[in-house]
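Structural features, examined
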Amino acid sequence: MDAPMNNHRYITTPIYYVNADPHIGHLYTTTVCDVWARFSRFAGHDTFFLTGTDEHGLKVEQSAQARGIEPQQFADEISASFRKVMTGMQLTFDDFIRTTDEAHERQVQLFVERLQAADAVYLGEFEGWYDEGQEEYYTETQAKDLEYHSPISKKPLVRAREKNYYFRLSAFQERLEAYFKKHPNFVRPSARYNEVLGRLRAGLNDVPMSRTNFSWGIQMPNDPDHVIYVWIDALFNYITALGLAEPESDLASKRASYWPATYHVIGKEILWFHAVIWPAILMALDIPLPACIYAHSFWISEGQKMSKSMGNFIDCDVLDRYRETYGLDALRYFMATQGPLGATDSNFAASKFHETYTSDLVNTVGNCASRVNAMIGKYCEGVCPTDSGQCANGGVEWDEFTAKQAEASMTAMEQFDLSSSIEEALAIVRKVDAFINDTEPFKLAKDPEAKETVDNILYRCAEALRIAACLLWAVIPEKSAALLSSLGQNVTPGQDRLGSLTQWGQLQPGTNIQKIALFPRLEAPMDVTSTSS
Ligand code: ME8
């Protein structure tokens, strides 16, 4: 990733289609962005986090018609439900853009006019195989595969021509290839980079950027017969949200400096649009490119592709049940550590969820915190002891060790490697457990002469836990805050800086330390078969 020129960071999710209800996929992408955005603010960066809904196009028009309502009303309803679910999951987006927002529509037209002025757009004629029922074109190869019949109505495809505006994608072949070569982290993970580059090198065709077969969309400037193709309309959201088409506007004065984006986080199925078409559009407009397109893989569920008919679909009802059983932080933790951020798909399974919850949250973080705080309760009257520095460290230079872990954890998070970042923080907790087992303060406490050693050990345990809690805050904000509060710490992420909070020695001797039970132990995995959906 190229280092940004200022302290600003900008992260985006795809904007979601309003023709399906929110499900694990949408909430996953938005949650991993939320983890990163929370971390980034805590690390002291001025951070903008954008999500929203993609509301134009034929499918929305048809879905609205089927319900006998206007497309706008239909879009309003589903967009509101996305927003509600995301707010309910405490996702801290700074704006929720809708492609039906007036400011978006106006700016898209301005950008398209600029593309026309730059001669990046032309009116051309397309000829192909047309499915009259579905109003969809197929290429020769696709039509051949379908034996020249509609896959839906089974009626014969017809030869048809359509006049469309085209974007001259082919003109950007060399510039794109050169850009990829110079920026090996432009697309991540690297498997996706190689995939796009391979396809890019195979050659680029111009792409249609308008349609005439429906009207629910943004009109092509000066041509009311054409509607701007929904993908072009949607991609612009990343810069219309910042007011980039209107540099003199209030919006731009507040937000324009967030561009270029630090991360566009997307699913792998929409990589081509983001890694090739979008950069070419930006090049045509002379706008800098985003630093990184991060394309994650997919969730499958209980070992199979998610499907409503299979009964393994992770929709909001199922997620609510996980949340009720394990808590919101556990759900965030599972998504961040076991999710498909890499190049392979991940399995969302009740047994795996339970195992992760039990091993990492109950047995590691929760157990260690309750152990340390309980010992301080028992052997130090609930008051943080003093570390006189007089006894052996049990093989650990705690200040150096925690500094190294904090640095590694923060670097990994900055690079969007959520699971490594979390693992570096958990390593601190594991080390505390090992330290307790090695030094056995619970045995030493029986000997009044060893009081100073016990105090020193317990101070180091509590202080290390405080640092781990700060590093885990972006992932499990509620439980980390509870842990910090049990250690008498009043932390306001964003105002307080992660970098300075993770320095050793800030826990003040004399602070009251409370007993804490963070994650209840649950006996069996959640029963996913009895889901109502
Ligand atoms: O494609 N696992 O919107 P969309 C993980 N409007 N993530 C998943 C997933 C799964 N099984 N299923 C979906 C669109 N996602 C366009 C985007 S952007 C300018 C326009 C997530 O509603 C993932 O982020 O189909 C994927 O890219 C996105 O939802 C697709 O959402």
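Everything below is about the structure shown above.
The structure presented is a predicted model; accordingly, all values stated were derived computationally and were not measured.

Rules of the game
- Residues numbered from 1 in each chain as written.
- Predicted model: local features only at pLDDT ≥ 70, side-chain atom pairs only at ≥ 80, totals over all residues.
- Heavy atoms only, no water.
- Helix = DSSP H or I, 4+ residues; strand = E, 2+ residues; numbered from the N terminus.
- Buried < 20%, exposed > 50% of the residue type's maximum accessible area, 1.4 Å probe, protein only.
- Contact = heavy atoms within 4.5 Å.
- Areas by Shrake-Rupley, 256 points an atom, 1.4 Å probe, with all protein chains shown as cover.
- Lys, Arg positive; Asp, Glu negative; His and termini not counted.
- Charge placed at Lys NZ, Arg CZ, Asp CG, Glu CD.
- Axes fitted to C-alpha atoms, helices over the stretch in contact; angles between N-to-C directions.
- Nonpolar A, V, L, I, M, F, W, Y, C, P; charged D, E, K, R; others polar.
- Pairing = 2+ DSSP bridges.
- Polar contact = N/O pair within 3.5 Å; in protein donor to acceptor, adjacent residues only side chain to side chain.
- Parallel < 35°, antiparallel > 145°, perpendicular 65-115°, else oblique.
- Left-handed = near helix turned anticlockwise from the far one by under 90°.
- Near = heavy atom within 4 Å.
- 1 Å grid on protein atoms, 1.4 Å probe; cavity = no way out; pocket = protein on both sides within 12 Å on 5 of 7 lines; lining within 4 Å.
- Sits in = over half its atoms within 2 Å of the grid points.
- Phe/Tyr/Trp six-rings, centres within 6.5 Å; stacked < 30°, edge-to-face > 60°.
- Lys NZ or Arg CZ within 6 Å of the ring centre and 35° of its normal.
- Core = buried A, V, L, I, M, F, W, Y, C linked by side-chain atoms within 4.5 Å.
- Domains from an automatic or database assignment.
- Points joined across faces, edges and corners; volume = space filled by probe spheres on them.

When helices and strands are counted, the protein chain shows 20 helices and 16 strands. Judged by the C-alpha coordinates and their principal axes, the protein chain covers about 95 × 50 × 40 Å. Counting every position in the protein chain, which comprises 533 residues, the buried fraction comes to 54%. Here the analysis covers contacts within the protein chain between residues at least 6 apart in sequence; of these, 78% occur between residues at least 24 apart. In the structure as shown, the protein chain presents an accessible area of about 23100 Å², 48% of it carried by carbon and sulfur atoms. Computing the positive centroid from 48 side-chain charges and the negative centroid from 70, the protein chain places the two 3 Å apart.

What follows is about the packing of helix α12 (residues 316-326) against helix α13 (residues 328-338). With their axes 7 Å apart at the nearest point, α12 and α13 run at an angle of 115° to one another. Contact with α12, carried on its side by L319, Y322, R323 and Y326, involves L328, A330 and L331 of α13 and no other residues of that element. Grouping the amino acids of the contact of α12 with α13 by side-chain chemistry returns six nonpolar, no polar and one charged.

If you trace the four strands from one edge of the open sheet to the other, you get β6-β5-β7-β9, paired in antiparallel fashion. Across the chains shown, the open sheet's two edge strands, defined by having one partner strand only, are β6 (136-138) and β9 (207-208). Bridge count for strand β5 (residues 121-131) against strand β7 (residues 158-167) is ten bridges, and the pairing is antiparallel. Looking at the pairing, F126 lines up with E162 of β7.

This part takes up the side chain of S79. Residue placement: S79 occurs in helix α3 (residues 71-88). S79 gets classed as buried once you look at its relative accessible area, which sits at 2%. A polar side-chain atom of S79 sits 2.9 Å from a polar atom in the side chain of T53. Apart from residues lying up to four places away in sequence, S79 is in contact with V18, T53, E55, F96 and R98.

To continue, consider the packing of helix α6 (residues 173-182) against helix α7 (residues 190-201). Where α6 contacts α7, the axes come no closer than 10 Å and their chain directions differ by 155°. Classed by the angle they form, the pair α6 and α7 counts as roughly antiparallel. Judged by the twist between their axes, the crossing of α6 over α7 is left-handed. Along its contact with α6, which presents Q173, L176, E177, F180 and K181, the element α7 presents Y193, V196, L197, L200 and R201.

What follows deals with the site of the ligand. In the region of the ligand, 23 residues are neighbours, and I15, T29, D54, G267 and W299 sit closest. Backbone polar atom of G267 to an oxygen atom of the ligand: 2.9 Å apart, as the coordinates give it. One of the backbone nitrogen or oxygen atoms of W299 is found 2.9 Å away from a nitrogen atom of the ligand. Given that more than half its atoms are within 2 Å of the pocket grid, the ligand belongs to the second largest pocket. Only β2 (16-17), α1 (24-42), α8 (230-235) and α9 (237-240) provide two or more residues apiece to the shell around the ligand.

This part is about the packing of aromatic side chains. Scanning the model with the defined rule gives 35 aromatic pairs in all. A centroid spacing of 6.3 Å and a plane angle of 25° characterise the contact between Y322 and Y326, whose relative ring orientation is stacked. Of this pair, Y322 and Y326 both sit in helix α12, four residues apart, roughly one helical turn. Comparing Y322 with Y326 shows no difference in burial state: the two are buried. Following the ring pairs from residue to residue traces out a cluster consisting of Y28, W299, Y322, Y326, F334, F348, F353, Y357 and F519. Positioned above the aromatic ring of F401, the side-chain terminus of K431 is 5.0 Å from the ring centre. A cation sits over an aromatic face here: K479 above F519, 5.2 Å from the ring centre.

Before going further, it helps to spend a moment on the nonpolar core. By size, the foremost hydrophobic cluster in this structure holds 107 residues, and its most contacted members are I11, Y322, F348, V372 and F416. Summarising the domain contributions, this core has at least three residues from each of domain 1 (8-296) and domain 2 (350-501).

Right, let's get into the layout of surface pockets. There is about 1400 Å³ of room inside the largest pocket. E136, Y137, R211, Y229 and F273 are the residues nearest the centre of the largest pocket, which is lined by 37 residues in total. Elements with a contribution of two residues or more to the lining of the largest pocket: α2 (58-66), β6, β7, β9, α8 and α11 (271-284). Per element, the largest residue contribution to the lining of the largest pocket is four residues, and it comes from α2. One number sums up the size of the second largest pocket: a volume of about 740 Å³. Forming the walls of the second largest pocket are 29 residues, and the residues nearest its centre are H23, G25, H26, E269 and F298. At the level of secondary structure, the elements contributing two or more residues to the lining of the second largest pocket comprise β2, α1, α8, α9 and β15 (299-301). When residues of the lining of the second largest pocket are assigned to their parent elements, the largest contribution, four residues, is made by α1. A class-by-class count of the residues in the lining of the second largest pocket yields 17 nonpolar, nine polar and three charged.

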